[in-house]
Amino acid sequence: MKWLQSYPREVKIFLVASLISSAGGSLMWPLITMFVFKVLGRTVTDAGLVILVMSLGGIAGQVLGGSLYHKLGVKKLIVGGVGLNALFLLLLPLGSGNWSLFMLLMGLIGFFNAMSMPAIQAFIGFRFAERRGELFNVIYVANNIGVALGTALSGFLARISYDMSFILNGTISAAFAVFFWIYLNKVQKNEGTMHLEKRKSTPEGQDTWKLLSRYNVYLFMGIGSFFLWLGNCVWNNGVSPFTISKGMPEWNYSILWTLNGVLIFVGQPFILWIKRTFAGSAEAQLTASAIFYMLGYVSILGFHTYPGMVFAMVLTTFGEMLISPAIPSFISDRTGKSAPFYLGVVGGMGAAGRVVGPYAMGVLFDWNGLIPVAWLAVTISVLAVIAFLVHAYMNRDAKSEITHAA
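Residues numbered from 1 in each chain as written. Predicted model: local features only at pLDDT ≥ 70, side-chain atom pairs only at ≥ 80, totals over all residues. Heavy atoms only, no water.

Q: Account for the nonpolar core, naming residues and giving values.
A: Residues Phe-180, Trp-235, Ile-300 and Ile-331 are the most contacted members of the largest nonpolar core, which totals 101 residues. In terms of nonpolar packing, the next biggest core, distinct from the first, is built from 13 residues, Tyr-140, Ile-264, Met-321 and Leu-322 among them. (Core = buried A, V, L, I, M, F, W, Y, C linked by side-chain atoms within 4.5 Å. Buried < 20%, exposed > 50% of the residue type's maximum accessible area, 1.4 Å probe, protein only.)

Shown next, in the form of structure tokens:
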């Protein structure tokens, strides 16, 4: 691929590792609701409770990971987080016969998986500062090629064994931890403590409350992310049990996520056109993203058929393609060395949507099926549009505060 030739070998290796890791992760996550609902024989509300526990762990992991970046250093956060995530994934099949143990393991998986995310994003932003906006998007695309590969296998693996998906995911996550250990050791050997240093104080001499006082940078972005992630739970806690209740095979659902991954790759020219024509700034991309999500949920509400869900996946995928690179790019550009902290805070606020969404939508689905779930998704996507418009207004005169890591 010609577009890869402009990147150094280090970036290409990073992209391949990210692709493989995301393929492993996507083997399991679309199947959690199906596993709880079909294999364990519990309600959709119970499935939502499992994801709630995992998301609570994710909130704690995101916030703690961002706060500890300059205290523990990149290597401990990334290798430790990814490695422990792999361990608990491998133990997950042992918990399938014990509901309490299964819930505990899911919480730990959520925590350690999320703890490494701000560190990885901040490391990319610091190390490749000159091209970070572009690189965030390229890594996002690589991750979703992995999603396409993983979800293409997930439905078929589920028909053989759900435990196989868990074990394969854990094995790939362990390999990703080994990759980062080798890669970061090489960086440390070649460049000393660059990007890996420990700091006893908060970066730039600011304490947590002072960082939080810059609410215009993160607050409404985080609120919009909260609403979008809450609404996105319509797939696992509305569409997934709906397809099962209609007698559709598991692969029908996994095809939706395969479409998501493929579209993220082939739809890049369309997204570039949107950015050049309508949404040149990160703030505009966030608002456009929420509008695409809203239109997708309207499609589910209006048709509640499988073709309608396919169309909704296309629209919400465009929304995802706009928001996912925009958030780390905006934060890295505006907050300098404080970026890990804000990445953790915004990530934690988004993860809070995953806490509220699954359980609320599970209750609604058990009450009256897909329709009330879709209504909730549409309503909160409208609130996300409003939140991102407020964010854009509050940052309309802000100037970039890019600072490079020493």
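Resuming the write-up.
Q: So, the pattern of salt bridges: which residues are in play, and what are the values?
A: This model, assessed by the stated rule, comprises two salt bridges. One salt bridge connects Asp-46 with Arg-42, and the closest N-O pair in it is separated by 3.6 Å. Accessibility expressed as a relative area gives 31% for Arg-42, which makes it partly exposed. Measuring nitrogen to oxygen at the nearest pair gives 3.2 Å for the salt bridge that ties Arg-334 to Glu-283. Residue Arg-334 is found in helix α16 (residues 306–335), and its partner Glu-283 is found in helix α15 (residues 282–303); the two are separated by 51 residues along the sequence. (Salt bridge = Lys/Arg side-chain N within 4 Å of Asp/Glu carboxyl O. Helix = DSSP H or I, 4+ residues; strand = E, 2+ residues; numbered from the N terminus.)

Q: Go over helix α11 (residues 215–232) with me, naming the residues and quoting the values.
A: End to end, α11 covers 25 Å across 18 residues, agreeing with the expected 26 Å (1.5 Å per residue, within 8%). Burial in α11 covers these residues: Val-217, Tyr-218, Met-221, Gly-222, Gly-224, Ser-225, Phe-227, Leu-228, Leu-230, Gly-231 and Asn-232. (Expected span 1.5 Å × (residues − 1).)

Q: Any chance you could break down the environment of Gly-61 for me, citing the residues and the numbers?
A: Following the sequence through the fold, Gly-61 ends up in helix α3 (residues 44–67). C-alpha of Gly-61 to C-alpha of Gly-348: the two residues are 287 residues apart in sequence and 7.9 Å apart in space.

Q: How would you explain the layout of surface pockets if you had to name every residue and give the values?
A: In this structure, the largest pocket encloses a volume near 540 Å³. Forming the walls of the largest pocket are 21 residues, and the residues nearest its centre are Gly-133, Glu-134, Asn-137, Leu-272 and Lys-275. Listed by contribution, the elements that provide at least two residues to the lining of the largest pocket are α8 (132–160), α14 (268–277), α15 and α16. Per-element tally for the lining of the largest pocket: the top contributor is α16, with six residues. When the residues that make up the lining of the largest pocket are grouped by side-chain class, the tally is nine nonpolar, seven polar and five charged. (1 Å grid on protein atoms, 1.4 Å probe; cavity = no way out; pocket = protein on both sides within 12 Å on 5 of 7 lines; lining within 4 Å. Points joined across faces, edges and corners; volume = space filled by probe spheres on them. Nonpolar A, V, L, I, M, F, W, Y, C, P; charged D, E, K, R; others polar.)

Q: I'd like to hear about the side chain of Thr-243, residue by residue, with values.
A: Secondary-structure assignment places Thr-243 in helix α12 (residues 234–245). Within the structure, Thr-243 has its side chain in polar contact with the backbone oxygen of Ser-240 (distance 2.7 Å). Among residues more than four places away in sequence, those in contact with Thr-243 are Met-248 and Tyr-253. (Polar contact = N/O pair within 3.5 Å; in protein donor to acceptor, adjacent residues only side chain to side chain. Contact = heavy atoms within 4.5 Å.)

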